[in-house]
Amino acid sequence: MSDDFKKNIDLALGNAKRLSNKILIDGKLISAKSSNKIKVVNPSTGEQIGEAPQCDKIDVDVAVNSAETTFHQWKKIPARERGKMMTAAARKLEERKDEIETLLALDTGNALRTQAKPETTASIELTHMFAGLAGEIKGENYPPNIPNTIHYTTKDPIGVVCAIIPWNAPLFLTVAKIAPAIVAGNTVVLKTAEQAPFCALLVCEILQQELPPGVLNVISGYGEECGEPLITHEKVRKVTFTGSFSVGKIIALKAAPKLCPVTLELGGKNPNIIMSDADLELAIPGVIDGMRYTRQGQACTAGSRVYIHEKIYDKVLEGAVDKLSKLKMGNALDETSDIGAIISEEQLNRTLYYMDIAKKNISTEILHGGNQSKGGEYKDGFYYEPTLLSGLPVSSPVCQEEVFGPVACAIPFKSFDEAMKSANDTPFGLSAVLWTKDLSRALQFVDEIEAGFVQVNQCVAPRANVSYGGIKMSGLGKEYAFDSMMNHFTQSKTVLINRGKSNIDN
Ligand code: NAI
Ligand code: MG
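Reading the values: the criteria
Residues numbered from 1 in each chain as written. Chains lettered and ligands numbered in written order. Predicted model: local features only at pLDDT ≥ 70, side-chain atom pairs only at ≥ 80, totals over all residues. Heavy atoms only, no water. Helix = DSSP H or I, 4+ residues; strand = E, 2+ residues; numbered from the N terminus. Rg over C-alpha atoms; globule rule 2.2 N^0.38 Å. Buried < 20%, exposed > 50% of the residue type's maximum accessible area, 1.4 Å probe, protein only. Contact = heavy atoms within 4.5 Å. Areas by Shrake-Rupley, 256 points an atom, 1.4 Å probe, with all protein chains shown as cover. 1 Å grid on protein atoms, 1.4 Å probe; cavity = no way out; pocket = protein on both sides within 12 Å on 5 of 7 lines; lining within 4 Å. Points joined across faces, edges and corners; volume = space filled by probe spheres on them. Phe/Tyr/Trp six-rings, centres within 6.5 Å; stacked < 30°, edge-to-face > 60°. Near = heavy atom within 4 Å. Polar contact = N/O pair within 3.5 Å; in protein donor to acceptor, adjacent residues only side chain to side chain. Sits in = over half its atoms within 2 Å of the grid points. Pairing = 2+ DSSP bridges. Axes fitted to C-alpha atoms, helices over the stretch in contact; angles between N-to-C directions. Core = buried A, V, L, I, M, F, W, Y, C linked by side-chain atoms within 4.5 Å. Domains from an automatic or database assignment. Buried area = accessible area lost by both parts, 1.4 Å probe. Salt bridge = Lys/Arg side-chain N within 4 Å of Asp/Glu carboxyl O.

*Asks:* Any chance you could explain the overall build of the chain here in plain terms?
*Replies:* Looking only at helices and strands, the chain has 16 helices and 23 strands in total. Its C-alpha atoms give the chain a radius of gyration of 24 Å, within 12% of the compact-globule value 23 Å for 506 residues. Dimensions along the principal axes, computed over C-alpha positions, put the chain at roughly 90 × 55 × 40 Å. When burial is assessed residue by residue, the chain has 57% of its 506 residues classed as buried. Expressed as a percentage of contacts within the chain between residues at least 6 apart in sequence, the contacts between residues at least 24 apart total 73%. Surface summary for the chain: the accessible area is close to 21000 Å², and the carbon and sulfur share equals 52%.

*Asks:* Explanation requested: helix α7 (residues 198-208) in the structure shown.
*Replies:* For the α-helix, the turn length of 3.6 residues means that residues three or four positions removed from each other point alike. Most of α7 is tucked away, with eleven of its eleven residues classed as buried. Restricting attention to buried positions, one finds in α7 the residues F198, C199, A200, L201, L202, V203, C204, E205, I206, L207 and Q208.

*Asks:* Help me out: how do you make sense of empty space enclosed by the protein in this one?
*Replies:* In this approach a probe as big as a water molecule rolls over the atoms, and the regions it shows empty are the leftover space. The tally for this structure, following the rule as stated, stands at four cavities of 30 Å³ or more. Put simply, the largest cavity is a space of about 80 Å³. As for the largest cavity, its lining consists of 14 residues, and the residues nearest its centre are G290, T301, S431, V433 and C459. Elements with a minimum of two residues in the lining of the largest cavity: β12 (271-274), β18 (431-435) and β19 (453-456).

*Asks:* When you look at the packing of aromatic side chains in this model, what are you seeing that I'm missing?
*Replies:* Working definition: an aromatic ring pair is given by the centre-to-centre distance plus the angle between the planes. The tally for this structure, following the rule as stated, stands at six aromatic pairs. Between the aromatic rings of F453 and Y468, the centroid separation amounts to 5.1 Å while the plane-to-plane angle is 85°, which identifies the pairing as edge-to-face. On the criterion of sequence distance, the pair formed by F453 in strand β19 and Y468 in the loop between β19 and β20 (471-472) is long-range, its members being 15 residues apart. Relative accessible area serves as the criterion here: at 8%, F453 is assigned to the buried category. Ring centres 5.2 Å apart and planes at 5° place the aromatic pair Y468 and Y480 in the stacked group. Taken together, the residues span a long stretch of sequence, with Y468 in the loop between β19 and β20 and Y480 in the loop between β21 (475-476) and α16 (482-489) at a distance of twelve residues. The burial state of Y468 is the same as that of Y480; both residues are buried. Among the aromatic residues, ring-to-ring pairing joins F172, F453, Y468 and Y480 into one connected group.

*Asks:* I tried to follow the site of ligand 1 on my own but got confused; where do I start?
*Replies:* Close to ligand 1 lie 27 residues, the nearest being I165, W167, E194, E228 and S244. With respect to ligand 1, the side chain of E228 contributes an N or O atom lying 2.8 Å from a nitrogen atom. A distance of 2.8 Å is found between an oxygen atom of ligand 1 and a side-chain nitrogen or oxygen belonging to E402. Most atoms of ligand 1, that is more than half of them, are within 2 Å of grid points of the largest pocket.

*Asks:* Can you help me understand the sheet that holds strand β14 (residues 365-368) in this one?
*Replies:* In any sheet, the strands associate via hydrogen bonds between backbone groups, in a parallel or an antiparallel arrangement. Strand order in the open sheet formed by seven strands is β14-β15-β16-β13-β12-β18-β19, with mixed pairing between adjacent strands. Edge strands, defined here as strands with exactly one partner in the open sheet, are β14 and β19. For this sheet, the mean inter-axis angle between neighbouring strands, taken without regard to orientation, is 20°. Direction of pairing for β14 relative to strand β15 (residues 387-390): antiparallel, over a ladder of three bridges. Bridge pairing in β15 links H368 to L388. Helix α10 (residues 280-290) contacts β12, β13 (305-309) and β18 of the sheet and is inclined by roughly 165° relative to β12.

*Asks:* What is the right way to read the nonpolar core from this model?
*Replies:* Nonpolar side chains in soluble globular proteins generally cluster together in the buried interior. Among the nonpolar cores identified, the biggest contains 69 residues, and M86, L126, I182 and V188 are the most heavily contacted of them. In terms of residues, this core owes the most to one element, helix α6 (residues 170-183), which gives ten residues. Core analysis: the second largest hydrophobic core is formed by 25 residues, A32, A63, V64 and C162 among them.

*Asks:* Would you explain the domain arrangement of the chain in this entry?
*Replies:* The domains assigned to the chain are domain 1 (3-266 + 470-492) and domain 2 (271-456). On a C-alpha basis, the centroid separation for the pair domain 1 and domain 2 is 30 Å. When domain 1 packs against domain 2, close to 2900 Å² is buried across both sides, 53% of that on carbon and sulfur atoms. Sorting the residues of domain 1 by area buried against domain 2 places R113, W167 and K472 first, and these three jointly supply 20% of that buried surface. For the pair domain 1 and domain 2, the interface holds four salt bridges. We note a salt bridge from E335 to K117, for which the minimum N-O separation is 3.2 Å. The tally of links between domain 1 and domain 2 comes to 26 residue pairs in polar contact (both at pLDDT 80 or more). At six residues, helix α5 (residues 112-132) tops the list of elements feeding residues into the side of domain 1 that touches domain 2.

The structure is reproduced here in C-alpha cells:
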C-alpha cells in the first residue's frame, strides 16, 4: 500500500468515525431521537465504517420544525447577502477539499482519481455558481395593459424544501438541490441515502458553518420510514428528489394530496448511437466514457445501449474492448484505480441478476468482462468487471431496464431511421448521444430523439450551468442551472396596484 493510499484511508475513516451516528439540526451535529442505526459499509472492502441514525417521524419533525422556524428570518435576508454567505461556504469547501473527496470515495466506492475528485470540484463550482446568481432572482414588470394599474410579478421563496438524494453522486446532488434552494431564500431538510450518508453530511456541516443555524438540516434513514413522513409533513412545501423511477412515482403520489410541487430526476436507458461516418477517435472512447464505466455504470446518464452502424460494428467493438482491458479496477481510495466498487451487495446482485438473463440467452456474446471479481484485493468488496455484450435482442430486459451496473449492450443497425426508432422505443427519456460528421443528421437527431439531455460527438457529464433533466418517465423539471433555481425554488405573486389619482392639481 502506497503512503498516499494509506493517508487517504486514514483521513476518510477519521471523518466517517466523527460523523457516525450524527444528524445536523439547528447548525449542530447531534444524536438522533431514534436509537435505531443503519450499518454503513465501505464498498471497496465490505468493512463497516460507521453507523447512520435510522431516523423516523420524530426526527423528521425536529428537522422540519428547525427549518420552518428559521425560514421566517432567512427569507427576509436580502438575496445578495444570502449569496455572499453561500460564496463563503463554497470557499470553506475548497479549503477542505481533501477531506471531502476522500470521504466521498470511501462512502460510495467511486474511484478517487477518476470520480470523487472531479465530483468534488464540480460540486464546489456549482455552489459558487448558485451563490453568484443570488442577485439575479427577480420578477417581471408588465407594460400598462390594464389602465391606471402597476402590474408586476414577484419571485419569492417557497418555504421548507425536502431534498432526497441517492448514493451514486451524493455530493453533487446535495449541492445541486440545497444551494439553489437556500440562495433563493428557502430552508432545507436533506435526507441522505442510507448507503452513503457521510460525505453529504460533511459537506452540509461545512456549508452550515457559514449560514444561520437551521437553514440546512440533515437527517438519515430509510425511504418509507424517514423519507415518506418528510414528504408528507404539513410544513414541507417543496420536494426535490433524485433516484429510481419507482420511488419517484411514490414521491409524486405522496406529495399530491397537499399539491406540493415536486422535481424528479429519475433513471434512463440511454442510447449512444455511432453512425458509419463517425470520427472513431472520438466515438470509441465515447463508448467507455458514455457508459460511465469508471463509476461502475452507476450513473443515470450511462449510455447502456450502444447502437453501432453495421459497417463499423466490428471495428468499434474491437477498439472499445481494447480500451476496457486497460482499465484498472480496485480500492476507490487508491489513486491508481480507474474503476472502484459497486455501492452495495444489493446493487451487485442487481448486476448479477441482469447478467444471468444475458448469459441464458444463447445468442449473447460477452465481448469483455462478464464476471464478478472475487479474491485477492477484491475479497469482500463489491466488484464486477466492466462488461460489454453483443447479440442480445433489444427486447431483452438487459437492453430495456436500467441495470445501474457496469453492463452495456452493443446493438448493430443498418440505417439512421432504424436506430432512432429503437432508441426512442423506451418509456425513458433522459440522455442521448450521436456520433457523426454530418451536420444535417446531427440536427435531425436533435429534432427526433426523445431525451432531455442531448449531445453530439461528445458525452460529458452534466455540470454547472447546463440545464439537466429527463422527459417521458425520466423525470420532471431541470436542475443545475439558473432556470432550476427560478422554476423550482421560487413561487410568484402577481401584483396589480391601482395608481390612484393625484390630489395635487398644480
Ligand atoms: P431509490 O430510488 O430507492 O433511493 C433513492 C433515495 O430515495 C434514497 O435516499 C432512499 O432512501 C429514498 N427512498 C426510497 N424509497 C422512498 C420512499 N418510499 N419515500 C421517500 N424516499 C424514498 O434507489 P436505490 O434503491 O438506491 O437504487 C435502486 C435503483 O434505482 C438503481 O439500481 C437504479 O436503477 C436507480 N437509481 C437511479 C438513480 C439516478 O441517479 N437516476 C440514483 C440511484 C438509483
Ligand atoms: Mg430503493
